[in-house]
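Understanding the architecture of this molecule
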Amino acid sequence: MITFYPGPSKVYDEVGQYLQEAFESGVISANHRSQEFMQMLEKTIHDLKIKLAVPDDYEVYFVSSATECWEIIAQSLIVESSLHIYNGAFGEKWMDYTNKISRNTAESPFELNEVLVLHESVVRKNEVVCITHNETSNGTKVSDDFFANIRKRLPNVIAVDATSSMAGVILPWENADVWYASVQKCFGLPAGMAVMIVSPRAIQQAVMVGERKHYNSLLFTRDNFLKFQTPYTPNTLGIYLISKVMQQVPAIAEVDFRTKERAKSWYSFLEHNGYQLMVENEAVRSDTVIAVRDAKERIAVLKKAAKQEGIILGNGYGKEKDTSFRIANFPAINDNEIATLREFLARMALKTVNE
Ligand SMILES: O=C(O)C(=O)[C@H](O)COP(=O)(O)O
Ligand SMILES: N[C@@H](CCC(=O)O)C(=O)O
């Protein structure tokens, strides 16, 4: 089966070999407070920061999932309230989840085809501003200009869900304070871990909040990571695999270039073949998750026919669950796999025209 599901998604072809190597190396049996583990963690963070061009003064933690990052932010960074700027299911879910913890969230929804602009008046003092960089559910992205603008105009801590874009495209790290992603998307790894990247400003805010009540409190996590340890027994295999993948992949500038070229090519291919793109405004179309809209019956036919040919299309998610399918444009997917899906989609389009 070739999968284009946007998470869990296709893992890098080399992961099979890395799994074997992890077993043979013995590191996955090592205690997580041993020198062996600590050296691996230190090197992994170092390599990740280099490959993804993360600023030196930002810190990297590995946690269990993007969902856990929602919890960590709600517990450890919110002084009083958070503002959620979103246009889709995952951004909204983040707000709902946070609300259960902090009981004080504000929202600023925007439209699918809207280019996000900052309305300073909606942001309160001290409020953590929460934005989804790439909304996996509907295939939209927020522009780098927005992050530059918000950073210039607001002193607030800015938290960004980059679950389906980190390691796939260049991120404007300096223009936000907390970035997180789970590894089953653009990292091309099996699910079960997330990467959380925090700025000095976020750490300052965590110190001010001073929250240490939970096993995953940000300050407690940080104390451990400063020693290259983790608060709880970590996903050592996940760390081993991300370390291997970070050694393997080219620098993010090269990955970004390829992702964007492929995205452009996907969008023109789909339009050329008569598929209706979910996002009409080119400026906000995601580079990593492509959403296609159609009638419910036709979506079902396409997904079924694809499966019969060994291809998994991503289901729709949220409002357009049954009226869309999604194609992951993640770096681990290779050119042959893309060619196979294209050949299928072109044939299906022709079939519809002839019917
Ligand atoms: O695209 C997304 O966003 C997601 O699929 C999920 O929020 C991923 O979260 P976790 O499963 O890693 O908690
Ligand atoms: N994380 C999603 C799946 C990913 C997706 O479909 O975008 C879920 O909880 O169902």
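Conventions we followed
Residues numbered from 1 in each chain as written. Chains lettered and ligands numbered in written order. Predicted model: local features only at pLDDT ≥ 70, side-chain atom pairs only at ≥ 80, totals over all residues. Heavy atoms only, no water. UniProt positions renumbered as here; feature names shortened; annotations may be inferred. Pairing = 2+ DSSP bridges. Helix = DSSP H or I, 4+ residues; strand = E, 2+ residues; numbered from the N terminus. Axes fitted to C-alpha atoms, helices over the stretch in contact; angles between N-to-C directions. Contact = heavy atoms within 4.5 Å. Near = heavy atom within 4 Å. Polar contact = N/O pair within 3.5 Å; in protein donor to acceptor, adjacent residues only side chain to side chain. Areas by Shrake-Rupley, 256 points an atom, 1.4 Å probe, with all protein chains shown as cover. Nonpolar A, V, L, I, M, F, W, Y, C, P; charged D, E, K, R; others polar. Salt bridge = Lys/Arg side-chain N within 4 Å of Asp/Glu carboxyl O. Buried < 20%, exposed > 50% of the residue type's maximum accessible area, 1.4 Å probe, protein only. Parallel < 35°, antiparallel > 145°, perpendicular 65-115°, else oblique. Left-handed = near helix turned anticlockwise from the far one by under 90°. Patch = residues over 30% accessible without salt bridge, like charges linked within 9 Å, V, L, I, M, F, W, Y side chains within 5 Å. Expected span 1.5 Å × (residues − 1). Arc of directions from axis to C-beta.

The name recorded for the protein chain in an unreviewed UniProt entry is phosphoserine transaminase, from Dyadobacter arcticus. Quoted straight from UniProt, the Pathway (unreviewed entry) entry for the protein chain says "Amino-acid biosynthesis; L-serine biosynthesis; L-serine from 3-phospho-D-glycerate: step 2/3." Listed in UniProt under the heading Cofactor (unreviewed entry), the comment for the protein chain reads: "pyridoxal 5'-phosphate".

Looking at the sheet that holds strand S9 (residues 178-182)
The strand order across the open sheet formed by seven strands is S2-S10-S9-S8-S5-S3-S4, and the pairing between neighbours is mixed. Each end of this open sheet is capped by a strand with a single partner; those strands are strand S2 (59-63) and strand S4 (105-109). Here the average twist between neighbouring strands, direction ignored, is 20°. Alignment of S9 against strand S10 (residues 194-198), held across five bridges, turns out to be antiparallel. Its bridge partner lying in S10, Val178 is registered against Val198. Against the sheet, helix H3 (residues 66-76) touches S2, strand S5 (128-132), strand S8 (158-161), S9 and S10, its axis set at about 155° to S9.

Observations concerning the site of ligand 2
Around ligand 2 lies a shell formed by Tyr5, Gly7, Phe90, Thr136, Lys185, Tyr317 and Arg326. In the model, an oxygen atom of ligand 2 is placed 2.7 Å from a nitrogen or oxygen of the Arg326 side chain. Here ligand 2 has 300 Å² of accessible area as a free molecule, and 65% of this is covered by the chains. For the shell around ligand 2, a count of residues per class yields three nonpolar, two polar and two charged.

A few points about the UniProt feature "domain: Aminotransferase class V" (unreviewed entry) in the protein chain
When the UniProt feature table is mapped onto this chain, "domain: Aminotransferase class V" (unreviewed entry) is found at residues 8-78 and 120-315. A helix fraction of 55% and a strand fraction of 7% characterise residues 8-78, whose end C-alpha atoms lie 29 Å from each other. Here residues 120-315 is 38% helix and 17% strand, with 36 Å between the C-alpha atoms at its ends.

Topic: the pattern of salt bridges
Tallying each qualifying case throughout the model produces 19 salt bridges. Arg124 is the salt-bridge partner of Glu127, the closest N and O atoms lying 3.2 Å from each other. On the basis of relative accessible area, Arg124 is assigned to the partly exposed category, the value being 41%.

Observations regarding the packing of helix H1 (residues 15-25) against helix H8 (residues 236-248)
Running from amino to carboxyl end, H1 crosses H8 at an angle of 125°, the nearest separation of the two axes being 10 Å. When the axis of H1 is compared with that of H8, the two are oblique. Taken as a pair, H1 and H8 cross one another with a handedness that is right-handed. Packed against H1, whose contacting residues are Val15, Tyr18, Leu19, Glu21, Ala22 and Ser25, the element H8 presents Leu237, Tyr240, Leu241, Lys244, Val245 and Gln248 at the interface. Taken together, the residues of the contact of H1 with H8 break down into eight nonpolar, two polar and two charged.

Remarks on a nonpolar patch on the surface
A cluster of nonpolar side chains, Leu19, Phe23, Ile28 and Leu237, forms an exposed patch at the surface whose accessible area comes to about 340 Å². Secondary-structure assignment places Leu237 in helix H8. A relative accessible area of 31% means that Leu237 is categorised as partly exposed.

Quick word on helix H9 (residues 252-272)
One full turn of an α-helix is made of 3.6 residues, so residues set three or four places apart face in the same direction. Taking 1.5 Å of rise per residue, the 21 residues of H9 would be expected to cover 30 Å, and the 30 Å separating its terminal C-alpha atoms lies within 8% of that figure. Every buried residue of H9 is accounted for by Ile252, Val255, Asp256, Thr259, Arg262, Ala263, Trp266, Tyr267, Phe269 and Leu270. Buried residues of H9, seen end-on, are gathered within an arc of 160° and therefore sit on one face of the element. Every exposed residue of H9 that faces more than 90 degrees away from the buried side is listed here: Glu254, Phe257, Lys264 and His272. After H9 finishes, the residue Gly274 shows a positive phi value of roughly 80°.

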